[in-house]
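Tertiary structure, described
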Amino acid sequence: MWKNRTPSLFFLYLLAFALASCSFYSFSAEASDLQLSKDKFMSGQVEEAITGFRLAADQFPESEEAPYWLVRAYLVQNEPDKAEVEARKIYEKNNSSGIALCAMGDVEYRLGHFELASRYYRQAINAAPGFARAYLGLGKILESERMLKSASPCYEKAFSIDPDDPDIMYAWATVLPRSPEERHLWRRYTETALYEEPSTIENTKAWLQRKEEWSEIKLCRLRESPEHSSIKLLHFYMPNRGYNRYGVEVKINGKKKARLLLDTGASGILLKNSLAKSAGVPLSGNYKIKGFGDEGEKDAGTGLAKTIEVGKLVFENYPVHFTSKEALLSEDGVIGTNVFSQFLITLDFTRNTMLLDLLPPPPGIAEDEDYREWDYNWQPGPERRGYAPFRLINTKIVIPAIANDKWDSLFVLDTGAAVNVISFQLADEVNYTKLTNWRLVGVSGKAAKTRKVNQISITIAGVQQVSLNTLAVDLSKHSHSIGTEIGGFVGYPLLQHVALILDYRTATLRLVPDPSRLDK
């Protein structure tokens, strides 16, 4: 009896060992193939990586890691529709999985559904506390809301879990104060995030070099902080080109005056090469810049202006970019409204005036005491009653809008735009005709394809205006660059009707209508 059972037991042991070996082999094969595809993704071979992620996902259908990387790769490739399909596949298999919930959060953020994305990220953290990218996603949501103190530990937690993820490096380096540790992290990012556009990596390297050169200099220092300032707005008007925009006069290094376009859609200061040279701004490095238009990136330099004077305000040690005059229009350059972010900004286009009211320091901080923005959640107080919230994403003011009373979308507030612009997708929902005598020209030259929208009503911050000066263009690259789906850019034709009151610190704004002016 025992003799008969012994071979059976031995056979069972062999069978168990064989099954375990097969299982180990399958696991090893999956891990090996997936790692190879990850390496390709990190090195910038994103198309090949997608093929590998797809094969791994098909070969090992129970695994969630390969499908998540597929979602991530499609988002990097600016294919949010494909990313959504893959995310929903993971979610439908297991809607309580942390990876599946994070994948849905990533997609919803890219599509501009922030509340839904936030919900997915929070559920992902509860379901999988060790999945780093869920903290990264939630941090991005909070940062866009200016809840910086709450965003900071999200990025820190993500970095503690996965310090080798370049996206997490980027987020955590943004939080860190100027230090050798911060610069080291930026260097690691430029060495590992090769899936990003080459110009993004090269610009970051150039910017990092400037940070190291200027590490002992206090940049963008406001010499004095007057509580109230009034600055005259210049009206740039070219009737033969349908060109209407506003700007300010700026003095550079105490000797060279410039007429700069005032632009809520821009960041910092951009000058013409000739102006920067005559003002004595030394060239410290090179960059690539891009904007509206389909003629690609433009070369730009960067340097440090000793002083920038706007009205009574004097900024010291201010970094500026400069480029060829072909990349600009009639002005000498561009100045972003975020230059004045420590003030409550009122742009009264009807009176050609910009009012600046100094924002008070946080509680417990003296007026002349330095503080870090990342140490606070900048929630609007009762003094912002009647203001509408926006999201600050990659320096862009992104605000909810309603087109023709029915289509919800996200618009970028862009005082530098001479016309309103909407995406082709939004234009498909309204009447439009092909443009025959209009063209859209930006920093990146002419837009190859444009359409003229006959009429569209746009409601932003509770104010509705009907616009006759609206173009439809391909905004997919802009959406990808900003990181979320953009339905349009609202510019001069709507903003000329209002006074715009803007608070960067709490990410709130108010539009005060002036019905006496008509859309022209």
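Right, let's walk through the structure included here. (Residues numbered from 1 in each chain as written. Predicted model: local features only at pLDDT ≥ 70, side-chain atom pairs only at ≥ 80, totals over all residues. Heavy atoms only, no water.)

**Structural notes on the overall build of the protein chain**
Broken down by element type, the protein chain carries 15 helices and 27 strands. Counting the 520 residues in the protein chain, one finds 51% classified as buried. Pairs at least 24 residues apart make up 63% of the contacts formed inside the protein chain by residues separated by at least 6 positions. Carbon and sulfur atoms make up 52% of the accessible area of the protein chain, which amounts to about 25,400 Å² in all. (Helix = DSSP H or I, 4+ residues; strand = E, 2+ residues; numbered from the N terminus. Buried < 20%, exposed > 50% of the residue type's maximum accessible area, 1.4 Å probe, protein only. Contact = heavy atoms within 4.5 Å. Areas by Shrake-Rupley, 256 points an atom, 1.4 Å probe, with all protein chains shown as cover.)

**Looking at the pairing of strand 26 (residues 498-503)**
Counting buried positions over the six residues of strand 26 gives six, a clear majority of the element. Neither face of strand 26 is exposed, since Val498, Leu500 and Leu502 on one face and Ala499, Ile501 and Asp503 on the opposite face are all buried. By the bridge criterion, four bridges tie strand 11 (residues 343-348) to strand 26 in an arrangement that is antiparallel. Across the sheet, residue Ile345 finds its bridge partner in strand 26, namely Leu502. (Pairing = 2+ DSSP bridges.)

**So, unusual backbone geometry**
Positive phi values are uncommon outside glycine, yet Asn253 reaches one of about 55°. Mapping Asn253 onto the fold places it in the loop between strand 4 (243-252) and strand 5 (256-263). One non-glycine residue with positive phi stands out, namely Ala461, at about 55°. Mapping Ala461 onto the fold places it in the loop between strand 22 (456-460) and strand 23 (463-467).

**A few points about the side chain of Glu316**
Tracing the sequence through the fold places Glu316 in strand 9 (residues 313-323). Ignoring sequence-local partners within four residues, the contact set of Glu316 consists of Lys218, Leu219, Cys220, Arg221, Arg223 and Lys306.

**Focus on the nonpolar core**
In terms of nonpolar packing, the biggest core is built from 78 residues, with Phe41, Phe53 and Val71 touching the most fellow members. Setting aside residues no more than four positions away along its own chain, Val71 makes contact with Ala83, Glu86, Ala87, Ile90, Ala103 and Val107. (Core = buried A, V, L, I, M, F, W, Y, C linked by side-chain atoms within 4.5 Å.)

**Remarks on helix 10 (residues 180-192)**
Counted at 1.5 Å a residue, the expected span for helix 10 with its 13 residues is 18 Å, and the 18 Å between its end C-alpha atoms agrees. Turning to helix 10, its buried residues are Glu182, Arg183, Leu185, Trp186, Tyr189 and Thr190. End-on view of helix 10: buried residues confined to an arc of 160°, all on one side of the axis. Along helix 10, the residues that are exposed and aim more than 90 degrees away from the buried face are Pro180 and Glu191. Contacts from the buried residues of helix 10 go to helix 8 (148-161), helix 9 (166-175) and helix 11 (198-213). (Expected span 1.5 Å × (residues − 1). Arc of directions from axis to C-beta.)

**Some thoughts on the pattern of salt bridges**
Enumeration over the complete set of coordinates arrives at 26 salt bridges. Of the charged contacts in the structure, one is a salt bridge between Arg54 and Glu86, with a shortest N-O distance of 2.7 Å. Highlighted residues: Arg54 in helix 2 (residues 46-59) and Glu86 in helix 4 (residues 80-93), separated in sequence by 32 residues. Here Arg54 falls in the partly exposed class, since its relative accessible area comes to 25%. Take Glu86: its relative accessible area is 7%, and that puts it in the buried class. Here the residues in one salt-bridge network are Arg72, Arg133, Asp165 and Asp167, joined through shared partners. (Salt bridge = Lys/Arg side-chain N within 4 Å of Asp/Glu carboxyl O.)

**What to know about the sheet that holds strand 2 (residues 228-232)**
With antiparallel pairing, six strands are arranged side by side in an open sheet as 2-12-11-26-27-13. Strands with a single pairing partner mark the edges of an open sheet, and in this sheet they are strand 2 and strand 13 (388-389). Pairing between strand 11 and strand 12 (residues 353-358): six bridges, direction antiparallel. Opposite Leu347, over in strand 12, you have Met354 as the bridge partner.

**A closer look at the environment of Ala206**
By the element assignment, Ala206 lies in helix 11. The spatial distance from the C-alpha of Ala206 to the C-alpha of Gly285 is 6.4 Å, given a sequence separation of 79 residues. Not counting residues up to four positions away in its chain, the partners in contact with Ala206 are Asn286 and Tyr287.

**Observations concerning the environment of Ala173**
Considering the arrangement of structural elements, one finds Ala173 in helix 9. The class of Ala173 is buried, set by a relative accessible area of 1%. The sequence separation of Ala173 and His184 amounts to eleven residues, and the corresponding C-alpha distance is 9.0 Å. For Ala173, the contacting residues outside a window of four places in its chain are Glu182, Leu185 and Trp186.

**Focus on the packing of helix 5 (residues 98-110) against helix 6 (residues 114-127)**
Relative to each other, helix 5 and helix 6 sit at 160°, their axes nearing to 8 Å. The pairing of helix 5 with helix 6 is recorded here as roughly antiparallel in orientation. In this structure, helix 5 crosses over helix 6, and the sense of that crossing is left-handed. Residue-level inspection shows Gly98, Leu101, Cys102, Met104, Gly105, Asp106, Glu108 and Tyr109 of helix 5 in contact with helix 6, the latter providing Phe114, Leu116, Ala117, Tyr120, Tyr121, Gln123, Ala124 and Ala127. When its residues are assigned to classes, the contact of helix 5 with helix 6 shows eleven nonpolar, three polar and two charged. (Axes fitted to C-alpha atoms, helices over the stretch in contact; angles between N-to-C directions. Parallel < 35°, antiparallel > 145°, perpendicular 65-115°, else oblique. Left-handed = near helix turned anticlockwise from the far one by under 90°. Nonpolar A, V, L, I, M, F, W, Y, C, P; charged D, E, K, R; others polar.)

Keep in mind these numbers describe shape, not what the thing actually does.
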